[in-house]
Amino acid sequence: MSVWMLIIGLQAIGQQSNVFSLSTQKPRQGKQVTFSFTPEDTKQTYKAALYIFHPSGFNADDLDMVGAGPGYSGTFTLPDSATAFLVSITADEGGKKTGYPFQVYESGSPVNGSYAALAQIYNGMGEYFADIERDVVKNEEYLEMEMASYPATKEKYFLTYIGALVANKKVDEAKGLVDERADAVFADLNSKETDLINVANGYARYLGDRETADSLKAIVLQRFPDGSLASSNELEALRAEQDYAKKTALYQTYIGKHSTTGGAANLQPVYSMMAQAALREKDYPKFDVYLAKVTNKSTRASLLNQVAWPLAEAGEKLDVAEAKSKKSLDLLDEIIADPVNSKPATMTASQWKKNAESTYRNNADTYALILYKQGNVGGALEYQRQAVGEYTSAEVNERFVQFLSESGLADEAQSAAEKSIEKGQATEVLKGYLKEIYTVRGSNEEQWVSYLSELEERHVAAVRKKLVSELIDEEAPVFSLVNMDGKTVSSESLKGKVYVVDFWATWCGPCKASFPGMQLAVDKFRDRDDIEFLFVNTWENIPDREEAVKKFIADNQYSFNVLFDTVEGDGNDFDVVGAYKVSGIPTKFIVDKNGRIRFKAVGFSGSAEGEMQKVALMIELAENAPTTAVIE
């Protein structure tokens, strides 16, 4: 075995005091690779995942590690098709990730696709899987290295490269290449349909020139009347049709045309789409027909729960709801029992199992409510115990405490209610259940108020402690955007204030779920002139965007200062969200009075009250955080 050596440069991504090494500097296809990992914090335990890139995508697997001195070691074998690989190591406590990307070599040189895989990692995939910060410059550079090393790949990576140029504000260069490519491929009557579509998409997706794109796509349809673009258009028409009868007719035409040419796997999204359409019409027999064609167990479980939950809420057709809900749980049980053989290629078995367990808890909540409404309180409690998990949902917690109380288990109900409040996931109804339990035992109103305040303060203290560990100190990007009132808001005008930048879109479910809590936060600080909330609408590609956003805000009666993120060259790369290096929404940034980012928060806390409390604490900590740099 080779002497251990630290692979530097590309490999040392993450905490620099962690040490990750391979037994070879140049891993090869079909060969075994041995690695070692010595963490900075040796008191922690860690798990690892391996992402192997190949010409048609990537595969994910759990990576076994064994204890070796102060760290870990392990081995794996690269398949013959491997072009690069990424090792992601996650701390069990806190979930901090570090990532180590490597190229694969042949005859001393990176194999075809190796640089392109690195580009993919730095263009967001590495951030998602291993907390490797997105770097649009490296993305462009690695694509250029790929095409320089393997000139025949220029066509393959053409559209990706155009996107990289636009992301780096090189719109004129990108347009020149797209124009040149358009002249070449559309003049050649032997050009492949994919090459023609890529050019058209270059104009539409990255240059914002939909008029040119549409005219080119018309030519594509003339040359390839039964090609992939025609099929995509038919699928989009099917997806957009809202009339159930017309949608069914389009489906039958589509299936008749593509059932033999498209392959069963390509039709799976169509079956799911039609199952949801049947569900909206409450056409349960037809729903069952479409469902039977869906092969993915996780998708089937989700569709079944979509039938069961609204029936459970309404208390209607409970026998139908019970059967559908129980079947969804059975399917998820099968996944959990054997995740290795049911997982998609792009997820590890542990990730797939974890997702299935999370979905099971969600669907168990549905089943418990159905049993409760059928009068089976004992059965409802059994499944609500499984649904409650780590007490992360206020509504689920409320039902758990209710079922415990109605089962005569007052002590356990009190304990569950206390945990819910301490987690910041308690509804007012849940607090009412707890008050009844507490006061029936002889406590007065004053004692109840003191008791509840103590529980709530434990939650605040725990959140504050966690947030203190998450404080950062980075320069906030400079921006200038227009709000819904047509007024310009700039980072320059916010100097001396603490401000919250919340990136969102109308299509983003978690964004919208967080907004009641954000409204509470806005209301809490309404009288503070030194604190501002900015809700930056981004990644929104819809007709009449501004009017749609204004309608959404008005319909929900939010008093938000909404800014519209701008787009370079009228394409799809939005400016400010890119400057903040956001990879998913909702993402919030708390910026202190000196223009320094002190917090980055991704996702939704799970309850309106919890969201408000977390934002308020971040603002408080940002106001009092020590400053290492000041923007003049």
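Residues numbered from 1 in each chain as written. Predicted model: local features only at pLDDT ≥ 70, side-chain atom pairs only at ≥ 80, totals over all residues. Heavy atoms only, no water.

Now for the state of the cysteines. Applying the stated criterion across every chain yields a total of one disulfide. Each disulfide pairs two cysteine sulfurs, and for C508 the partner residue is C511, the sulfurs being separated by 2.3 Å. Between C508 and C511 the sulfur-sulfur dihedral comes to about 80°; the bridge is accordingly right-handed. Just as C508 is buried, C511 falls in that class too. (Disulfide = S-S within 2.5 Å. Buried < 20%, exposed > 50% of the residue type's maximum accessible area, 1.4 Å probe, protein only.)

On to the side chain of N483, then. You can see N483 is positioned in strand 13 (residues 480-483). A polar atom in the side chain of N483 sits 2.9 Å from the backbone nitrogen of D485. The residues touching N483, leaving out its near neighbours within four places in the chain, are V489, N561, V562, L563 and F564. (Helix = DSSP H or I, 4+ residues; strand = E, 2+ residues; numbered from the N terminus. Polar contact = N/O pair within 3.5 Å; in protein donor to acceptor, adjacent residues only side chain to side chain. Contact = heavy atoms within 4.5 Å.)

A word on the packing of aromatic side chains. One pass over the full model with this rule turns up 37 aromatic pairs. Their ring planes at 65° and their centres at 5.2 Å tell us that W504 and F515 sit as a pair that is edge-to-face. With W504 in strand 15 (residues 498-504) and F515 in helix 19 (residues 509-524), this residue pair connects regions lying eleven residues apart in the sequence. Between the aromatic rings of F515 and Y558, the centroid separation amounts to 5.5 Å while the plane-to-plane angle is 85°, which identifies the pairing as edge-to-face. Here F515 is found in helix 19, whereas its partner Y558 is found in the loop between helix 20 (545-555) and strand 17 (562-564), with 43 residues between them in sequence. (Phe/Tyr/Trp six-rings, centres within 6.5 Å; stacked < 30°, edge-to-face > 60°.)

A few words on the layout of surface pockets. Approximately 680 Å³ is the volume found for the second largest pocket. Taken together, 20 residues form the lining of the second largest pocket, with K97, S350, Q351, K354 and N355 sitting closest to its centre. Taken together, the elements giving at least two residues each to the lining of the second largest pocket come down to strand 4 (46-54), strand 8 (84-91), helix 1 (114-130) and helix 13 (349-373). When residues in the lining of the second largest pocket are grouped by element, the largest group, six residues, is from helix 13. Partitioning the lining of the second largest pocket into residue classes produces six nonpolar, nine polar and five charged. (1 Å grid on protein atoms, 1.4 Å probe; cavity = no way out; pocket = protein on both sides within 12 Å on 5 of 7 lines; lining within 4 Å. Points joined across faces, edges and corners; volume = space filled by probe spheres on them. Nonpolar A, V, L, I, M, F, W, Y, C, P; charged D, E, K, R; others polar.)

Turning to the nonpolar core, a few remarks are in order. Ranked by internal contacts, the top residues of the largest apolar core, which has 68 residues, are Y251, F287 and Y383. Within the second largest apolar cluster, 56 residues are counted, among which are Y558, A601, M618 and I619. (Core = buried A, V, L, I, M, F, W, Y, C linked by side-chain atoms within 4.5 Å.)

A few words now on the sheet that holds strand 5 (residues 57-63). Strand order in the open sheet formed by four strands is 5-4-8-9, with antiparallel pairing between adjacent strands. Edge positions in the open sheet fall to strand 5 and strand 9 (97-103), since each of these has one partner strand only. Averaged over all pairs of adjacent strands, the angle between their axes in this sheet comes to 20°, without regard to strand direction. Pairing between strand 8 and strand 9: seven bridges, direction antiparallel. Of the residues in strand 9, the one forming a bridge with T90 is K97. (Pairing = 2+ DSSP bridges. Axes fitted to C-alpha atoms, helices over the stretch in contact; angles between N-to-C directions.)

The end-to-end C-alpha distance of helix 17 (residues 428-439) is 16 Å, a good match for the 16 Å that twelve residues give at a rise of 1.5 Å each. L430, K431, L434, I437 and Y438 are the residues of helix 17 that are buried. Along the axis of helix 17, the buried positions cluster into a sector of 120°, meaning they face one direction only. In helix 17, the exposed positions angled more than 90 degrees off the buried face are occupied by E428 and E436. Check the buried side of helix 17 and you find it contacts helix 15 (394-406), helix 16 (410-422) and helix 18 (445-469). (Expected span 1.5 Å × (residues − 1). Arc of directions from axis to C-beta.)

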